[in-house]
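Now for the letters of each chain:
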Amino acid sequence: MFRSSLSRTAARAVRTLSTSATKSSSIPLRICGRGTGTQQTITIKDKPYSIQTDTYPVLGGADSAPSPVAYSLASLTSCNQVTGAKVAEDHGIKLGQWNVRLDAVLPTDVLIKGKCEGNPNWESVKLFVRVQTNILESVKGDNLEADARFRHFVREVERRCPITQLFKRSGVQYESEWLNEAL
């Protein structure tokens, strides 16, 4: 079995997911995958659910489940919503429905063609978010104050969201566009 020194370090750092994670300073996770070919079933320790992955036919898959790259983008959209709920709670903002769209470009020279030079990372990612808030109502219709408060909310969500930070710090061309809608 081949193991790099990084994977040995990571293996030592894995702990069981705590049921009191909200009071913890970290949330440890253990993810396990099992599969053949391009298909894999992924489980999370001590959780009743699993997810399936496959990939696109161009990569030899059957396209029978979302691909790992699609899940990475889904993680970005949903993590913004989860983080947004926590930020809103911390700042006394009420939220309603979220509508999130993400457009991304994944270069294929390294991944599919096997070229030695290049970057298999996302080339660009653009997140579009429409979220219902009570911000305008809470500032009694003062549009300037509402805009400032919503911009602060967005900055906090993007600062605190671990998946947003993963994308931003990876060097991908990252953009986001947020729209505050009345609750």
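Structure: above.
Values in this document were obtained by computation on a predicted structure and should not be read as measured data. (Residues numbered from 1 in each chain as written. Predicted model: local features only at pLDDT ≥ 70, side-chain atom pairs only at ≥ 80, totals over all residues. Heavy atoms only, no water.)

### Brief notes about the packing of helix H2 (residues 68-91) against helix H5 (residues 162-169)
- It is the contact of H2 with H5, at a shortest axis distance of 7 Å, that shows an interaxial angle of 130°. Comparing the axis directions of H2 and H5 gives the class oblique. Contacts between H2 and H5 involve Ser72, Leu73, Ser75, Leu76, Cys79, Asn80 and Thr83 on the former and, on the latter, Pro162, Ile163, Thr164 and Phe167.
- Classifying every residue of the contact of H2 with H5 gives 6 nonpolar, 5 polar and no charged. (Axes fitted to C-alpha atoms, helices over the stretch in contact; angles between N-to-C directions. Helix = DSSP H or I, 4+ residues; strand = E, 2+ residues; numbered from the N terminus. Parallel < 35°, antiparallel > 145°, perpendicular 65-115°, else oblique. Contact = heavy atoms within 4.5 Å. Nonpolar A, V, L, I, M, F, W, Y, C, P; charged D, E, K, R; others polar.)

### Some remarks on the sheet that holds strand S6 (residues 173-182)
- Within the open sheet, the 3 strands sit side by side as S4-S5-S6. Their pairing is mixed. Here the strands that pair on one side only, and so sit at the sheet edges, are strand S4 (95-105) and S6. Sheet twist, expressed as the mean angle between neighbouring strand axes with direction ignored, is 10°.
- Helix H4 (residues 143-160) contacts S4, strand S5 (124-133) and S6 of the sheet and is inclined by roughly 135° relative to S6. (Pairing = 2+ DSSP bridges.)

### Re a nonpolar patch on the surface
- Together, Tyr56, Val58, Leu59, Leu111 and Ile112 make up an exposed nonpolar region whose accessible area comes to about 410 Å².
- Looking at the secondary structure, you find Leu59 in the loop between strand S3 (50-53) and H2.
- With a relative accessible area of 31%, Leu59 lands in the partly exposed category. (Patch = residues over 30% accessible without salt bridge, like charges linked within 9 Å, V, L, I, M, F, W, Y side chains within 5 Å. Areas by Shrake-Rupley, 256 points an atom, 1.4 Å probe, with all protein chains shown as cover. Salt bridge = Lys/Arg side-chain N within 4 Å of Asp/Glu carboxyl O. Buried < 20%, exposed > 50% of the residue type's maximum accessible area, 1.4 Å probe, protein only.)

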